[in-house]
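Examining the three-dimensional arrangement
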Amino acid sequence: MNNMSYYKGNNVTIKEGTIIGNNVILEDDVYIDYNCIIRDNVTIKKGTKIGANCIIGEYLMDFYTGVTSNHPLTIGENSIIRSQTIIYGDCEIGNNFQTGHRVTIRENAKIGNDVSVGTLSDIQGDCEIGNYVRMHSNVHIGQKSKIEDFVWIFPYVVLTNDPTPPSTVLHGVTIKSFAIVATGSTILPGI
């Protein structure tokens, strides 16, 4: 570790206006563009590029109630996080991950390798996404959803999770390997 609150590998670029928290690891060849916030307990693996105005390791609800915990976030090697993306803590993201612009990924998301999430997409908490998944723009993945490997989701798809809204009972959608979900589809809870 260097004499900083974070570890910085070789050939790391951090542009002006970026704020980096404590216990952050930036591996070799990481690039962080202007005005990003990298919160505590984030690991960004080698070769990853973070676009301007992103928040990586965003606070969970406990921060706002004054009872904070350690919420680590790991972003895999050679990932591309495009501008204005927000990724919460308590997530694990695999290698070769890509986002479009203005993507939100909530807490407890487990995302495999070679996954692409399009512009303006929203992945709610407690989701599992396998390997080689492609989501186009404006896709909403509701809490508790599970998407297996090699799934292709076209634009404007919504995976719902509340069978009797508004309630506290959530039944996520499961999409099996090699499925293709057509543009504009709404998948009901528990399907």
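Residues numbered from 1 in each chain as written. Predicted model: local features only at pLDDT ≥ 70, side-chain atom pairs only at ≥ 80, totals over all residues. Heavy atoms only, no water.

Comments concerning the sheet that holds strand 4 (residues 24-26)
Strand order in the open sheet formed by nine strands is 1-4-7-10-13-16-19-22-25, and the pairing between neighbours is parallel. Strands at the two margins of the open sheet, each flanked by one partner only, are strand 1 (6-8) and strand 25 (174-175). Sheet analysis places strand 13 (residues 91-93) next to strand 16 (residues 110-111), joined by two bridges and oriented parallel. Its bridge partner lying in strand 16, I93 is registered against I111. (Pairing = 2+ DSSP bridges. Helix = DSSP H or I, 4+ residues; strand = E, 2+ residues; numbered from the N terminus.)

Focus on the packing of aromatic side chains
Each aromatic ring pair is characterised by the separation of its centres together with the angle its planes make. Summed over the entire model, instances satisfying the criterion amount to five aromatic pairs. Plain terms: the ring middles of F63 and Y64 are 5.1 Å apart, the flat faces sit at 90° to each other, and that makes the pair edge-to-face. Residue classification places F63 among the partly exposed residues on the basis of a relative accessible area of 35%. Of the aromatic side chains, those joined through ring pairs into one cluster are Y59, F63 and Y64. One residue, R39, lies across the ring of Y59, its end atom 3.9 Å from the ring centre. Lying across the ring of Y88, R106 places its NZ or CZ 4.5 Å from the centre. (Phe/Tyr/Trp six-rings, centres within 6.5 Å; stacked < 30°, edge-to-face > 60°. Buried < 20%, exposed > 50% of the residue type's maximum accessible area, 1.4 Å probe, protein only. Lys NZ or Arg CZ within 6 Å of the ring centre and 35° of its normal.)

Thoughts on the pattern of salt bridges
Inspection of the entire model under this criterion finds three salt bridges. In this structure, the salt-bridge partner of E58 is R39, at a minimum N-O distance of 3.0 Å. In this pair, E58 is assigned in strand 9 (residues 55-58) and R39 in the loop between strand 6 (37-38) and strand 7 (42-44), connecting sequence segments 19 residues apart. R39 shares its class with E58; the two are buried. Note that K176 and E148 form a salt bridge whose closest N and O atoms lie 3.7 Å from each other. In this pair, K176 sits in the loop between strand 25 and strand 26 (180-181) while E148 sits in the loop between strand 22 (146-147) and strand 23 (152-153), placing the two residues 28 residues apart along the sequence. On the basis of relative accessible area, K176 is assigned to the exposed category, the value being 53%. (Salt bridge = Lys/Arg side-chain N within 4 Å of Asp/Glu carboxyl O.)

Things to note about a nonpolar patch on the surface
Together, M61, F63 and Y64 make up an exposed nonpolar region whose accessible area comes to about 360 Å². Mapped onto the fold, F63 is located in helix 1 (residues 61-65). (Patch = residues over 30% accessible without salt bridge, like charges linked within 9 Å, V, L, I, M, F, W, Y side chains within 5 Å. Areas by Shrake-Rupley, 256 points an atom, 1.4 Å probe, with all protein chains shown as cover.)

Points about the nonpolar core
One recurring pattern in soluble globular proteins is that nonpolar side chains are buried together. I56, M135, I147 and I153 are the most contacted members of the largest nonpolar core, which has 42 residues in total. Elements with a contribution of two residues or more to this core: strand 4, strand 7, strand 10 (73-75) and strand 13. Setting aside its immediate chain neighbours within four residues, I56 contacts I37, I38, R39, V42, I50, L73, I75, I81 and I87. (Core = buried A, V, L, I, M, F, W, Y, C linked by side-chain atoms within 4.5 Å. Contact = heavy atoms within 4.5 Å.)

Re the pairing of strand 9
Note that strand 6 and strand 9 share two bridges and pair parallel. Looking across to strand 9, one finds that I38 is bridged to I56. Sheet topology places strand 9 next to strand 12 (residues 86-88); three bridges connect them, and they run parallel. For E58, the partnering residue across the bridge sits in strand 12 and is Y88.

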